[in-house]
Each structure stands twice: as C-alpha cells, then as structure tokens.
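Notes for the structure review
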Amino acid sequence: MDVVQNLPQSDVVILDRGDGTSAAVHLHGATLLSWQCQGKEILFLSQNAVFDHKKAIRGGVPLVFPHFGPWQHGPQHGFARIKRWKLEIPPSKDKHGNVISAFSLEDDEFTRSSWEKRFRLVYTLVLQEKELSFSLVVHSNDQNPFEFTTLLHTYFRTPDVTRTAVIGLQQLKYTDKVNNDQVLEETREAILLSENYDRIYSNCPPEIVVGRIADGNCSAVLRTLNFPDIVLWNPWTEKAKAMSDFGDEEYKNMICVEAGNVSQPIKIDPGQQIEFTQSIQILPAPSL
Ligand code: BG6
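Note that this is a predicted model, so its numbers are computed, not measured. Counting restarts for each chain, with residues numbered from 1 along the sequence as it is written. Totals for whole chains, interfaces and linings use every residue, but because this is a predicted model, local features are given only for residues with pLDDT of at least 70 and side-chain atom pairs only at 80 or more, for both listing and counting. Calculated side-chain values reflect all of the structure's heavy atoms, with hydrogen atoms and water omitted.

1. Some details on the sheet that holds strand S15 (residues 190–192)
If DSSP finds at least two bridges between two strands, the strands pair. Helix and strand assignments come from DSSP, with helices taken as H or I runs of at least 4 residues and strands as E runs of at least 2, each series counted from the N terminus. Within the open sheet, the nine strands sit side by side as S6-S7-S8-S9-S21-S18-S17-S12-S15. Their pairing is antiparallel. At either end of the open sheet lies a strand with only one pairing partner, and these are strand S6 (86–93) and S15. Ignoring which end each strand starts from, the neighbouring axes of this sheet average 15 degrees apart. Where strand S7 (residues 99–106) lies against strand S8 (residues 119–127), eight bridges are found, and the strand directions are antiparallel. Within S8, the position partnered with Ile-100 by the bridge is Val-126. Working convention: axes come from line fits to C-alpha atoms, limited for helices to the stretch in contact. Angles between N-to-C directions cover 0 to 180 degrees.

2. Some thoughts on the pairing of strand S14 (residues 182–185)
Pairing between strand S13 (residues 173–176) and S14: four bridges, direction antiparallel. Pairing of Thr-175 across the sheet is with Val-183, part of S14. Where S13 folds back on S14, the antiparallel hairpin that results is connected by five residues, among which Asn-180 adopts a positive phi of roughly 55 degrees.

3. A short note on the layout of surface pockets
In this structure, the largest pocket spans a volume of roughly 470 Å³. In this analysis the probe radius is 1.4 Å and the grid spacing 1 Å, with only protein atoms considered; a cavity is a set of points the probe fits into but cannot get out of, a pocket is an open set with protein on both sides within 12 Å along at least five of seven lines, and lining residues have an atom within 4 Å of a point. Forming the walls of the largest pocket are 25 residues, and the residues nearest its centre are Arg-58, Gln-76, His-77, Arg-81 and Trp-233. Across the lining of the largest pocket, the residue classes break down as 12 nonpolar, five polar and eight charged. Grid points are joined across faces, edges and corners, and a volume is the space filled by probe spheres set on the points. Under the scheme applied, nonpolar residues are Ala, Val, Leu, Ile, Met, Phe, Trp, Tyr, Cys and Pro; charged residues are Asp, Glu, Lys and Arg; polar residues are all the others, including Gly.

4. A short note on the site of the ligand
Around the ligand sit Arg-58, Phe-68, Gln-76, His-77, Arg-81, His-153, Lys-177, Asp-198, Val-231, Trp-233 and Glu-258, and those are all the residues in its vicinity. Here Arg-58 contributes a side-chain N or O atom positioned 2.9 Å from an oxygen atom of the ligand. In protein, a polar contact requires one atom able to donate a hydrogen and another able to accept it; more generally it is a pair of N or O atoms within 3.5 Å, and residues adjacent in sequence count only if both atoms are side-chain atoms. A distance of 2.6 Å separates an oxygen atom of the ligand from a polar atom in the side chain of Glu-258. Bound to the protein, the ligand loses 83% of the 400 Å² it would expose on its own. A majority-of-atoms criterion places the ligand in the largest pocket. Considering only residue class, the shell around the ligand consists of three nonpolar, three polar and five charged. Residues are classed as near a molecule or strand on a simple rule: at least one heavy atom within 4 Å of it. Here, Shrake-Rupley sampling with a 1.4 Å probe gives the accessible areas, and only protein chains in the shown set may cover a residue. More than half of a molecule's atoms lying within 2 Å of a cavity's or pocket's grid points is what places that molecule inside it.

5. Overview of the sheet that holds strand S1 (residues 12–18)
Spatially, S1-S2-S3-S4 is the arrangement adopted by the four strands of the open sheet, whose pairing is antiparallel. With partners counted over all chains shown, the strands left at the sheet margins are S1 and strand S4 (40–41), one partner each. Of the strand pairs in this sheet, S1 and strand S2 (residues 21–26) are connected by six bridges, and their pairing is antiparallel. Looking at the pairing, Val-12 lines up with His-26 of S2.

6. Regarding the state of the cysteines
Criterion for a disulfide: a pair of cysteine sulfur atoms at a distance within 2.5 Å. Enumeration according to the criterion identifies zero disulfides in this entry. Of the cysteine sulfurs around Cys-204, a residue in no disulfide, the closest is that of Cys-256, at 15 Å. With no disulfide of its own, Cys-218 has Cys-37 as its nearest cysteine by sulfur position, at a separation of 7.1 Å. Here's how the labels work: a residue is buried when its accessible area is under 20% of the maximum for its type, exposed when over 50%, partly exposed in between, all with a 1.4 Å probe on protein chains only. Looking at Cys-218, the relative accessible area reads 3%, which means it is buried.

7. Here's the deal with the nonpolar core
Counting 74 residues, the largest nonpolar core has Phe-65, Trp-85, Tyr-123, Phe-156, Leu-169, Ile-230 and Val-257 as the members making the most contacts within it. At seven residues, strand S20 (residues 254–268) tops the list of elements feeding residues into this core. Contacts between residues were defined by any pair of non-hydrogen atoms, one from each residue, lying within 4.5 Å. Apart from residues lying up to four places away in sequence, Leu-169 is in contact with Glu-186, Ile-191, Tyr-201, Cys-204, Ile-208, Ile-230 and Leu-232. We call a set of buried residues a nonpolar core when its members are Ala, Val, Leu, Ile, Met, Phe, Trp, Tyr or Cys and they connect through side-chain atoms within 4.5 Å of each other. Core analysis: the next-biggest nonpolar cluster, separate from the first, contains eight residues, Val-4, Val-12, Ala-24 and Leu-33 among them.

8. Looking at the pattern of salt bridges
Between Lys or Arg on one side and Asp or Glu on the other, a salt bridge is scored when a side-chain nitrogen of the former is within 4 Å of a carboxyl oxygen of the latter. Enumeration over the complete set of coordinates arrives at 18 salt bridges. One connected set of salt bridges, linked through shared partners, spans Lys-86, Glu-88, Glu-106 and Arg-120.

9. Section: the environment of Leu-7
Assignment of secondary structure puts Leu-7 in the loop between helix H1 (2–5) and S1. Leu-7 sits 88 residues away from Lys-95 along the chain, and the two C-alpha atoms are 31 Å apart.

10. Quick word on unusual backbone geometry
Each neighbour pair has its own omega, and for Phe-65 with Pro-66 the value is 0 degrees, a cis peptide bond. Structurally, Pro-66 is set in the loop between strand S5 (63–64) and S6. Of note, the phi angle at Asp-181 is positive, near 60 degrees, even though the residue is not glycine. Judged by relative accessible area, which is 47%, Asp-181 ranks as partly exposed.

Shown next, in the form of structure tokens:
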C-alpha cells in the first residue's frame, strides 16, 4: 500500500468499505492496484512498477483489451491497460455497505490509429466484505462486426509461490507457451509452480481456487462468466531479471491467475454488448 499512498490523488480512486477492506484503482488502465480484505493485501504490486502514464502497471489487475499477447496492430495485451480511463461512477456505498465504482473507456484517435473500431468499455467493481466482483461490458458502436480478446491479468500476492496451489484445472487441455505452444493435458488436482509458467488453460469450469495466497493463510475462490480461459503465469528467475519493472526475486511472491477469453476471439455485432465477469471471494483458510 506504501507505493499507492505516494501516488498523486488525482490518479487513484479509493473504494473504502471500512474495517480494513478497501481497493485502489489507478485511472491509467483502470488498473486495480491494491485490494485489502480485512487488513490483508491480496494483490501483488511490484516495488519496481512504473507510474509514468505510459507503461502498463506491473501488478494488481491490468485489463487486457482488445488483444491478448503480442499484437501486430499495437502494444502487447492491447491498449486498454495503457489508456487513461474516465471515472464513470465515483465510489458509493449501497444499503449493505458494499462499495461500487465504475470506469469507462471509448475509442479515440489514439485507439483508432492502430485499431479502427468504435467501442465503449464499462468496468465496474463492487467491493464486499470478503469478495470483489469485476464486470467488464464491451459495447460495440461500430457499423461492422469485429473481433477481440480480453482478460483480467490478476496478480495474487503470496509469501511462497512454490506452496500456492491452483485447484480446479485437472484434466483440462492447456497450451504451454514456454514449450513451443504444445497442447498438453493437466494431470494434477493441485497445480504448484516450480519454474517459468505461461500456460493457457481452455474450457475452464466457472469456479477455481487459488490456495495459500496473501499472507499464506487465505484462499481465493474465482468465479467467472464468459471467461472460459485461465492463464497461469510466473516469469521465474531468468525472465524476472530481464524485466525492468519487476524485482529479480519478486517472482517468489506472486502468481498470475488470469481469467480471460483469449483462445478464440469473440465476435461482437453492431450495437451489441457483451459482459464478462469475475468475482474473487477470500476464504480465511489455505483450502488444501
Ligand atoms: C501473460 C502472458 O498474460 O502476461 C505472458 O501469458 C506475458 O506471455 C505476461 O509474458 C506479462 O506480459 P507483460 O506485457 O505485462 O510483460
């Protein structure tokens, strides 16, 4: 949270639910920087993250749109994470004490210079006592159908990535991006990382669990709608060293579990809107 406190107030939107539960969103990319759940930080944010309003922020939850991965028309993972978003609904409490806030992004000269589509994105966060929900609505204002991919690039914090387990992906096919895009089948019930991981699991169930996150005594239950893929990523030693905005040893304290729609592009028709959601519930147990 120290990093977040030192940022200009005009860049950061705080959702504060009280009792040590809050979230901080940077308008650059509408990047969720921090989520404190009853005093515990759930997300990883690199000590070397750059806040220059140009580069994507290394950590939290950057939002990938309209393209996941290297892109022939523009920056890796698209432009949504490097554009300044508009605060659409300032944080406000509902009758249950939950805090809602929403952000929006529309096509402009910059986005159309690389990708000539007319769109509007509305990204809504709802902060509950032990749960955070994310909704991304993609509206097409274009005259023709177009395709895109999208993903929420969630960086979880962990005291020891080798003990953090991802549960719920057994028997699924995955594309192993660090192994020539080989398509393999997951055999393990609990996936533990011990090297550079960059895998796209497809046809995922709507609920998976990430055990031993935050201070190591919590689990996260991820529930998704319209996000059939899960990307597991950790750069490990060598790739960590090659990243200028990531500490050499920080790979030990993070795991990216990214809900997305990336295996197959999604087609959207003129005037149509499509909603993608993720909710993360924190359980006070390692759940292993
Ligand atoms: C993951 C990709 O989602 O993001 C990886 O699967 C990529 O291939 C990683 O290295 C980080 O990307 P970036 O652009 O934030 O460095």
